[in-house]
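Structural features, examined
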Amino acid sequence: MRSPIVAGNWKMNKTVEEAVDFVNQIKDHLPDPSVQETVLAAPTIALVPMVKAAQGSPLKIAAENCYYKDAGAYTGETSPTTLYSANIHHVILGHSERRRLFNENDQMINLKVHAALAAGLCPIVCCDDTMGRRVAGKKVHWVVSRILADLHDLKAADVEKVTIAYEPSWAIGTGESMDPAQAEEGCYLIRQTIADMYGDEIADNVRILYGGSVNTSNINRLMASEDIDGVLAGGASLDPDTFLNLVNH
Ligand code: 13P
């Protein structure tokens, strides 16, 4: 049985003080993590104080990115082992903004997934889906090839630690969420691809989230879908009351 996840991705928003205030406002109103996990991804500088504020609560704090090396001359990057040692156990990798604005490709994301797992982190690997490719009828190939490349050469035992976030880039930040039936189709396709790579049992255990203009009006229909195990919300995660409404939908 896959336990659902409601996750927020703040992107490059909030000061450290605002981040800690937010955690203090929500931490006593979250579901038991055995019923549903709550994850909040925040800018690197806010992570350690957020972890401290969240101590003793079910809230899990996630990084929005990390590098694929543990240490060395990589100015400006964050090491996965440093994250783990600071009790940050989740990391978003391959977000479509990282791919589009910072030129990250599938090969680099695959290296990051390997490094994150080796450090003990649980990666949330984002898989986008562009409108152009949907219209061109190439959606299937696009989504499948991305999953094949991002999860390349992982050990079967590690795949279950990975969460996938299916995020059509045209639905991100636009207020235009994907129709739940289409979102389910994308998530189903991802699960089938993982089943082809690692077998049905492992594919059945991998959590797959939908992201892209998730809000309090569409979360219930999205999460009712068989292959959608949760959501990754951007804009709707920035306000504590709205985020709590998503979490306790
Ligand atoms: P929005 O919810 O603002 O569309 O952002 C989605 C997203 O990119 C989450 O990672």
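Please read these numbers as outputs of a predicted model, since none were measured by experiment.

Cut-offs used in this document
- Residues numbered from 1 in each chain as written.
- Predicted model: local features only at pLDDT ≥ 70, side-chain atom pairs only at ≥ 80, totals over all residues.
- Heavy atoms only, no water.
- Core = buried A, V, L, I, M, F, W, Y, C linked by side-chain atoms within 4.5 Å.
- Buried < 20%, exposed > 50% of the residue type's maximum accessible area, 1.4 Å probe, protein only.
- Helix = DSSP H or I, 4+ residues; strand = E, 2+ residues; numbered from the N terminus.
- Contact = heavy atoms within 4.5 Å.
- Near = heavy atom within 4 Å.
- Polar contact = N/O pair within 3.5 Å; in protein donor to acceptor, adjacent residues only side chain to side chain.
- Areas by Shrake-Rupley, 256 points an atom, 1.4 Å probe, with all protein chains shown as cover.
- Axes fitted to C-alpha atoms, helices over the stretch in contact; angles between N-to-C directions.
- Parallel < 35°, antiparallel > 145°, perpendicular 65-115°, else oblique.
- Left-handed = near helix turned anticlockwise from the far one by under 90°.
- Nonpolar A, V, L, I, M, F, W, Y, C, P; charged D, E, K, R; others polar.
- Salt bridge = Lys/Arg side-chain N within 4 Å of Asp/Glu carboxyl O.

For the rest of this paragraph, the subject is the nonpolar core. Met50, Ile164, Ile190, Ile194 and Tyr210 are the most contacted members of the largest nonpolar core, which totals 66 residues. Take this core: its biggest share by element is 7 residues, from helix α9 (residues 180-198). If sequence neighbours within four positions are ignored, tyrosine 210 has contacts with Tyr166, Pro168, Ala171, Ser177, Met178, Ala183, Leu222, Ile228, Gly230, Val231 and Leu232. In this structure, Ile5, Ala7, Ile92 and Leu232 belong to the second largest nonpolar core, which totals 11 residues.

The subject of this paragraph is the site of the ligand. Around the ligand, 13 residues are found, and the nearest of them are Lys11, His95, Gly173, Ser213 and Gly234. Between the ligand and glycine 173, the relevant distance is 2.6 Å, taken from an oxygen atom to a main-chain nitrogen or oxygen of the residue. The contact in question runs from an oxygen atom of the ligand to an N or O atom on the backbone of glycine 234, over 2.8 Å. Protein contacts shield 95% of the accessible area of the ligand, which totals 310 Å² for the unbound molecule.

A separate point is the packing of helix α1 (residues 16-26) against helix α2 (residues 44-54). At a minimum axis separation of 9 Å, α1 and α2 run at an interaxial angle of 25°. Here α2 runs roughly parallel to α1, going by the angle between their axes. Every pair of crossing elements has a handedness; the one defined by α1 and α2 is right-handed. Across from Val16, Ala19, Val20, Val23 and Asn24 in α1, the residues of α2 making contact are Ile45, Ala46, Pro49, Met50, Ala53 and Ala54. Taken together, the residues that form the contact of α1 with α2 break down as 10 nonpolar, 1 polar and no charged.

Below, the discussion takes up the pattern of salt bridges. Side chains that carry opposite charge are capable of pairing whenever their charged atoms lie near each other. Across all of its chains, the model carries 13 salt bridges by this definition. A salt bridge links glutamate 104 to lysine 112; its shortest N-O distance comes to 2.9 Å. The salt bridge partner of lysine 161 is aspartate 158, with a shortest N-O separation of 2.9 Å. Residues joined by salt bridges that share partners form a network here, namely Arg99, Asp106, Asp128, Arg146 and Asp150.

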